[in-house]
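# Report on the structure
Each chain is listed here by its residues.
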Amino acid sequence: MLGTRMLRQVMGQMLGSPACGCWTAAPPLRFLGTSPRQIPADVNFHSASFSGTDQPRVLITGGLGQLGVGLANFLRKRFGKDNVILSDIRKPPDHIFHSGPFIYSDILDYKNLREIVVNNRITWLFHYSALLSAVGEANVSLARAVNITGLHNILDVAAEHSLRLFVPSTIGAFGPTSPRNPTPDLCVQRPRTIYGVSKVHAELMGEYYHYRYGLDFRCLRYPGIISADSQPGGGTTDYAVQIFHDALKNGKFECNLKPSTRLPMMYIDDCLRATLEVMEAPAESLSMRTYNVNAMSFTPEDLAQEVLKHIPEFQITYNVDSVRQAIADSWPMNFDDSNARKDWGWKHEFDLPELVTTMLNFHGSDTRVAHAN
Ligand SMILES: NC(=O)c1ccc[n+]([C@@H]2O[C@H](COP(=O)([O-])OP(=O)(O)OC[C@H]3O[C@@H](n4cnc5c(N)ncnc54)[C@H](O)[C@@H]3O)[C@@H](O)[C@H]2O)c1
Ligand SMILES: C[C@@H](O)[C@H](N)C(=O)O
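Residues numbered from 1 in each chain as written. Chains lettered and ligands numbered in written order. Predicted model: local features only at pLDDT ≥ 70, side-chain atom pairs only at ≥ 80, totals over all residues. Heavy atoms only, no water.

## Details of the packing of aromatic side chains
Defined as follows: Aromatic rings from Phe, Tyr and Trp, with only the six-membered ring used for Trp, were paired whenever their centres fell within 6.5 Å, and each pair was classed as stacked if the ring planes differed by under 30 degrees, edge-to-face if by over 60, and tilted otherwise. Burial classes follow relative accessibility: with a 1.4 Å probe on protein chains only, a residue under 20% of its type's maximum area counts as buried, one over 50% as exposed, and anything between as partly exposed.
Scanning the entire structure with this criterion turns up twelve aromatic pairs. Summarising the aromatic geometry, the rings of tyrosine 208 and tyrosine 209 are spaced 6.3 Å apart at their centres and angled 70° between planes, so their arrangement reads as edge-to-face. Given a relative accessible area of 7%, tyrosine 209 falls into the buried group. Taken together through their ring pairs, the aromatic side chains of Phe79, Trp124, Phe126, Tyr128, Phe166 and Tyr222 make up a single cluster.

## Thoughts on the site of ligand 1
Spelled out, the test is: Proximity is defined per residue: if any heavy atom of the residue lies within 4 Å of a molecule or strand, that residue is considered near it. Two N or O atoms count as a polar contact when they lie within 3.5 Å, although within protein this holds only if one can serve as hydrogen donor and the other as acceptor, and sequence-adjacent residues are included solely when both atoms are side-chain atoms. Areas reported here follow the Shrake-Rupley algorithm with a probe of radius 1.4 Å; residue values treat only the protein chains shown as occluding. Numbered from the N terminus, helices here are DSSP runs of H or I no shorter than four residues, and strands are runs of E no shorter than two. The classification used treats Ala, Val, Leu, Ile, Met, Phe, Trp, Tyr, Cys and Pro as nonpolar, Asp, Glu, Lys and Arg as charged, and all other residues, Gly among them, as polar.
Every one of the 27 residues lining ligand 1 counts as a neighbour, but Gln66, Asp88, Arg90, Tyr195 and Ile225 are closest to it. Between arginine 90 and ligand 1, the recorded distance is 2.8 Å, taken from a side-chain N or O atom to an oxygen atom. In isolation ligand 1 exposes 840 Å². Once the protein is present, 93% of that is buried. Looking at the shell around ligand 1, the elements that each hand over two or more residues are β5 (164-170), α7 (194-213) and β7 (224-226). If you tally residues by element for the shell around ligand 1, the top one is β5, at three residues. Its residues assigned to classes, the shell around ligand 1 comprises 13 nonpolar, ten polar and four charged.

The structure is reproduced here in structure tokens:
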């Protein structure tokens, strides 16, 4: 009986008075009775929200991966070096450590996260920590911890401190029963990887926190991202990064996907610009909180043809990795990002020819420097 009464009380707090049938937005942690972070109901929640005139104070988690350093450089140009803190659990190389603020942050440690947010007066959080698709399948329990438990910590700290929160999702949030050509924003999402499952969970939890507690959650489903200045991090689309390193170094590349595997892709500059644009978009322009964004779609065969235009002696061979191939075969081939284009004016700049020229120029200058030394 007591249990039922308590449950009714809690549900009453959550859902507002049954008489008015209204849905009250309450601070999130007050009633998370089973949370390790039990916060008294009368606690004063911080109001560190970003006012239009200030620069945001930014934290990037998982910042030493493929995308985080580029994001930090990009945001520092906009908001100032000291307003953007890069964090990770790995030790940064010297040039990154000296390029701007860096701190240790383990997203599985809630107290550590909260300390960082409070001490640095963080107002915007870009949550990049994750295990990607292929490494996730090789270590499901770690992927579950980092991608799901870690996300819960991020959502709670963001809600508790009124942060604007960006979480990237992925083409991997779709599965074999989703429409693949093209894949719209709203359709069946039944991914078959722990990575995909964790990203669908992130989309749904972020949207739930938004509608339930007013968390300013923003999410883009990235395609495979191709960046010149970082090493691939265990993803299925990584062949499209590695090919440039190998083409210039050895004149040949062994691809782990079949020649006809079509996947949506984007150059890093477009990805970073999309990320900032959605974060800066006025709330009223966002008809959704999770958007597909896209630039191009190609197969390994298409990419090799384009590389051949620059390096006529280039050779590609295929040695298919069955795990990665099964993942790729369940993902979108083309991504419908018309809602992003309509709502907040998304427009990509790099198609396949510009992508290949840019990547080869970048690595080519590196390779030439290395050969000269
Ligand atoms: N790279 C892509 O093509 C792509 C495409 C779609 C979505 N995304 C998403 O963008 C984000 C960044 O991707 P990426 O390619 O840079 O990934 P990455 O694998 O290269 O980097 C992830 C980082 O997370 C860190 N990390 C792992 N466990 C952690 C923990 N407990 N606490 C803090 N950090 C931890 C790792 O040290 C690593 O530096 C991810 O969320 C990913 O899902 C990436
Ligand atoms: C697409 C994406 O999320 C990542 N690059 C992966 O392949 O896992």
